[in-house]
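# Geometric and topological summary
Each chain, letter by letter, is given below.
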Amino acid sequence: MSHAHSNPQLDHPRPEAGFSEGDWWTEIANLASQRARTEFIDRHAELVQSVVVSNLTALVPQLVKSDRNRALAIAETAAMIANRLGDAESMAQSLRARANAHYALGHNGIALEQHGKALRLFRSLGHTEQVARTLSSSIQPLILQGLYRQAFAAAREARKIF
């Protein structure tokens, strides 16, 4: 995934920063608790950037297929960074990633809460494609919660955008 504002130090962290090339996200995913992830980000303030949030959230759909708990850890870390940034786009991305990880873990109610928050932020930013992506990813949790009308409404709205 290429970013116009990509920081090569984040794509390939410096060894002097305590990382070997390309494994900073793996280290985050392997941390056992939110506290450990918070301390990690405190020690590596250079990771508090929107490009890192984008990179982390892009990993979640891949990770939920192989390790749902690691996917949730990545999504939670992205949310922590987004909150520190106070950037609405980053917050919306991280909320959708958290929703997707919670859905994969069978936490459909939490997934729908996170989708709703992400949806409100993407709407407020006028990012219609992201609105559609969020609506699309909310359909299955809606169905699993028995919220069929809302699922059909989400599908209709997403289809209008796409």
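Residues numbered from 1 in each chain as written. Predicted model: local features only at pLDDT ≥ 70, side-chain atom pairs only at ≥ 80, totals over all residues. Heavy atoms only, no water.

### Side note on the packing of helix α8 (residues 128-144) against helix α9 (residues 148-161)
Where α8 meets α9, the axes come as close as 8 Å, and the angle between the chain directions of the two elements is 155°. Considered as vectors, α8 and α9 are oriented roughly antiparallel to each other. The way α8 lies across α9 gives a crossing that is left-handed. On the side of α8, the interface is formed by T128, E129, V131, A132, L135, S136, S138, I139, L142 and I143, while α9 contributes Y148, Q150, A151, A154, A155, E157, A158 and I161. In terms of residue class, the contact of α8 with α9 is made up of 12 nonpolar, four polar and two charged. (Axes fitted to C-alpha atoms, helices over the stretch in contact; angles between N-to-C directions. Helix = DSSP H or I, 4+ residues; strand = E, 2+ residues; numbered from the N terminus. Parallel < 35°, antiparallel > 145°, perpendicular 65-115°, else oblique. Left-handed = near helix turned anticlockwise from the far one by under 90°. Contact = heavy atoms within 4.5 Å. Nonpolar A, V, L, I, M, F, W, Y, C, P; charged D, E, K, R; others polar.)

### Looking at helix α3 (residues 34-43)
For an α-helix the count is 3.6 residues per turn, leaving residues at separations of three or four pointing the same way. Among the residues making up α3, those that are buried are R37, F40 and I41. For α3, the arc enclosing every buried residue in end-on projection is 95°, short of the 170-degree limit, so these residues lie on one face. Of the exposed residues in α3, those oriented more than 90 degrees away from the buried face are R35 and R43. The inward-facing, buried residues of α3 contact α2 (24-30) and α5 (68-85). (Buried < 20%, exposed > 50% of the residue type's maximum accessible area, 1.4 Å probe, protein only. Arc of directions from axis to C-beta.)

### Overview of the side chain of T134
Structurally, the position occupied by T134 is in helix α8. Contact partners of T134, with chain neighbours within four places excluded, come to R96, H115, A118, L119 and F122.

### Re the nonpolar core
Soluble globular proteins tend to bury their nonpolar side chains together. In terms of nonpolar packing, the biggest core is built from 23 residues, with I28, I41, L47, V52, L56, V60 and I74 touching the most fellow members. Looking at this core, the elements with two or more residues in it are α2, α3, α4 (50-66), α5 and α6 (88-104). It is α5 that contributes the most residues to this core, eight residues altogether. The next biggest cluster of nonpolar side chains, apart from the first, holds 13 residues, and it includes L112, A132, L135 and A151. (Core = buried A, V, L, I, M, F, W, Y, C linked by side-chain atoms within 4.5 Å.)

### Remarks on α4
Over its 17 residues, α4 runs 25 Å from end to end, which matches the ideal 24 Å to within 8%, given 1.5 Å per residue. Within the sequence span of α4, burial applies to V51, V52, V53, S54, N55, L56, T57, L59, V60 and L63. (Expected span 1.5 Å × (residues − 1).)

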